[in-house]
Amino acid sequence: MLPKMKLLLLAILFNLVRSSNGLAVFRQKRSDDTNLSVLETVVQQQGAKIEQQEAKLQQQEAQIQTLQAKLITFENSHASTPPVAFTVHFTNDAADNGVALGPQQVLKFDNVLTNIGGGYNAQTGIFTAPFSGVYCFFLSVMSTNTHTSVYIAVVKDGSILDVVFAEGQSDFQDQGSTQVTTHLDSGHQVWARQAGGDAVRGGSWTIFTGYMIKAD
């Protein structure tokens, strides 16, 4: 009877041990499943962040390409437009008699100091814009001391932009000047012409300058 009881007790202990090991394995499996689920969630979150960063990077690359294209266009447009500038005055000066002028006469400055771009024509006294853009013109006029006051207009395609006045009879060697800016389309013209009086001082006493500030 006693040996049987021992065998029974051994069998019960064996079953208890096997059951305990099975529970531990089950608990470990549940823990592993939970850790795997957390890991998968973290991986998914990191993947979403990576996708967002890749989208931002693509957007920034597109912006950089757009800016590079604009820069190339800007450089090409300005590199293809050469400078334009001229400075002219009269060669001769008859002192008190100066250079005689008639009504509405264009001042044909024959001494060309600068004519970059070839816009000024010494035969006509007229500047023709070779390119469209913003231009600046400067005119300085000295009156004679024996003639009446003189008025010289800066004219754009027949419209007066400004008028210079000088009067040398009461103000010895009086000199007037003006500076104007205007937009010119290619082919538009600017010149200086008589608007009153019959003479100006020649030489470098009366001088006309123009240049392009910025091309379109």
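Structure first, text after, so check above.
Analysis parameters
Along each chain, the written sequence defines residue order, and numbers are assigned to residues from 1. Since the coordinates come from a predicted model, pLDDT governs what is reported: local features require at least 70, and pairs of side-chain atoms require 80 or more to be given and counted, while whole-chain, interface and lining totals use all residues. Excluded from the side-chain calculation are hydrogens and water; included are all heavy atoms of the structure. Note on definitions: salt bridges are taken to be side-chain nitrogens of Lys or Arg within 4 Å of carboxyl oxygens of Asp or Glu. Numbered from the N terminus, helices here are DSSP runs of H or I no shorter than four residues, and strands are runs of E no shorter than two. Think of it in three bands: with a 1.4 Å probe and only protein chains considered, a residue is buried below 20% of the maximum accessible area for its type, exposed above 50%, and partly exposed in between. Two strands are said to pair when DSSP picks up at least two bridges between them. In what follows, residue pairs with any heavy atoms lying within 4.5 Å of each other are defined as contacts. Here a polar contact means two N or O atoms within 3.5 Å. Within protein one must be a hydrogen donor candidate and the other an acceptor candidate, and residues neighboring in sequence count only if both atoms are side-chain atoms. Without a salt bridge and with relative accessible area above 30%, a residue can belong to a patch; like charges are then joined within 9 Å and nonpolar side chains (Val, Leu, Ile, Met, Phe, Trp, Tyr) within 5 Å. Accessible areas in this description were obtained via Shrake-Rupley with a 1.4 Å probe; residue shielding takes into account the shown protein chains only. Axis definition: a line fit to C-alpha positions, over the contact stretch in the case of helices; interaxial angles, taken between N-to-C directions, run 0 to 180 degrees.

Let's hear about the pattern of salt bridges: which residues, and what values?
Evaluation of the coordinates by the stated rule reveals one salt bridge. Its salt-bridge partner being Asp 93, residue Arg 201 comes within 2.7 Å of it at the nearest N-O pair. Of this pair, Arg 201 sits in the loop between strand E11 (199-200) and strand E12 (207-215) while Asp 93 sits in the loop between strand E1 (85-89) and strand E2 (99-100), placing them 108 residues apart in sequence. Overall, Asp 93 belongs to the partly exposed group, its relative accessible area being 30%.

An account of the sheet that holds strand E4 (residues 120-121) is needed here, citing residue identities and associated values.
One open sheet holds the five strands; their spatial order is E4-E5-E10-E7-E8, and the pairing between them is antiparallel. Both outer strands of the open sheet, E4 and strand E8 (159-166), are each paired with one neighbouring strand and no more.

Quick rundown of the environment of Asp 162? Include the residues and the values.
Along the polypeptide, Asp 162 turns up in strand E8. Judged by relative accessible area, which is 29%, Asp 162 ranks as partly exposed. Considered as a pair, Asp 162 and Thr 178 are 16 residues apart in the sequence and their alpha carbons are 7.3 Å apart. Dropping the residues within four chain positions of it, Asp 162 is found in contact with Ile 152, Ala 153, Val 154, Thr 178 and Val 180. A polar contact is formed between the side chain of Asp 162 and the side chain of Thr 178, at a distance of 2.4 Å.

Explain a nonpolar patch on the surface to me, using residue names and the numbers behind them.
Taken together, the side chains of Tyr 151, Ile 160, Val 163 and Phe 165 make up a nonpolar region of the molecular surface, amounting to roughly 340 Å² of accessible area. Per element, the largest residue contribution to the nonpolar patch is three residues, and it comes from E8. Examined against the element boundaries, Phe 165 turns out to sit in strand E8.

Can you break down the environment of Phe 127 residue by residue, with the values?
Note that Phe 127 resides in strand E5 (residues 126-128). Of the residues examined, Phe 127 reaches a relative accessible area of 1% and is grouped as buried. In sequence terms Phe 127 and Phe 86 are 41 residues apart; their C-alpha atoms lie 8.7 Å from each other.

Requested: an account of the environment of Tyr 151, with residues and values cited.
Counting through the fold element by element, Tyr 151 comes out in strand E7 (residues 150-156). By relative accessible area, Tyr 151 is classed as partly exposed at 34%. In this structure the C-alpha to C-alpha distance between Tyr 151 and Ala 166, which are 15 residues apart in sequence, comes to 6.8 Å. Those residues in contact with Tyr 151 that lie beyond four places of it in its chain are Val 163, Val 164, Phe 165, Arg 193, Gln 194, Ala 195 and Gly 196.

Could you give me a rundown of the sheet that holds E12, with the residues and numbers involved?
One open sheet accounts for five strands, arranged E3-E1-E12-E6-E9; its pairing is antiparallel. Strand pairing shows two members of the sheet lacking a second neighbour, strand E3 (111-116) and strand E9 (175-184), which therefore form its edges. Across the sheet, the mean angle from the axis of one strand to that of its neighbour is 10°, orientation sign disregarded. As paired elements, E1 and E3 share five bridges and run antiparallel to each other. By the bridge assignment, Thr 87 is partnered in E3 with Thr 114.

Outline the side chain of Ser 140, listing residues and values.
Looking at where Ser 140 falls in the secondary structure, it is placed in strand E6 (residues 133-142). Engagement of the side chain of Ser 140 in a polar contact is seen with the side chain of Gln 175, the distance being 3.1 Å. Excluding its chain neighbours within four sequence positions, the residues that come into contact with Ser 140 are Gln 175, Gly 176, Ser 177, Trp 205, Thr 206 and Ile 207.

Summarise the side chain of His 89; cite the residues concerned and give the values.
Position of His 89 relative to the elements: it lies in strand E1. Look at His 89 and you get buried, because its relative accessible area is 10%. A polar contact of 3.1 Å, which involves the side chain of His 89, links it to the backbone oxygen of Gly 203. Discounting residues that sit within four places of it in the chain, His 89 has contacts with Phe 109, Asp 110, Asn 111, Leu 113, Gly 203, Ser 204, Thr 206 and Ile 207.

Describe unusual backbone geometry, naming the residues involved and giving the relevant values.
Its identity as a non-glycine residue notwithstanding, Gln 104 has a phi of 60°, on the positive side. Positive phi is not limited to glycine here, since Asp 157 has a value of about 50°. With respect to the element layout, Asp 157 can be found in the loop between E7 and E8.

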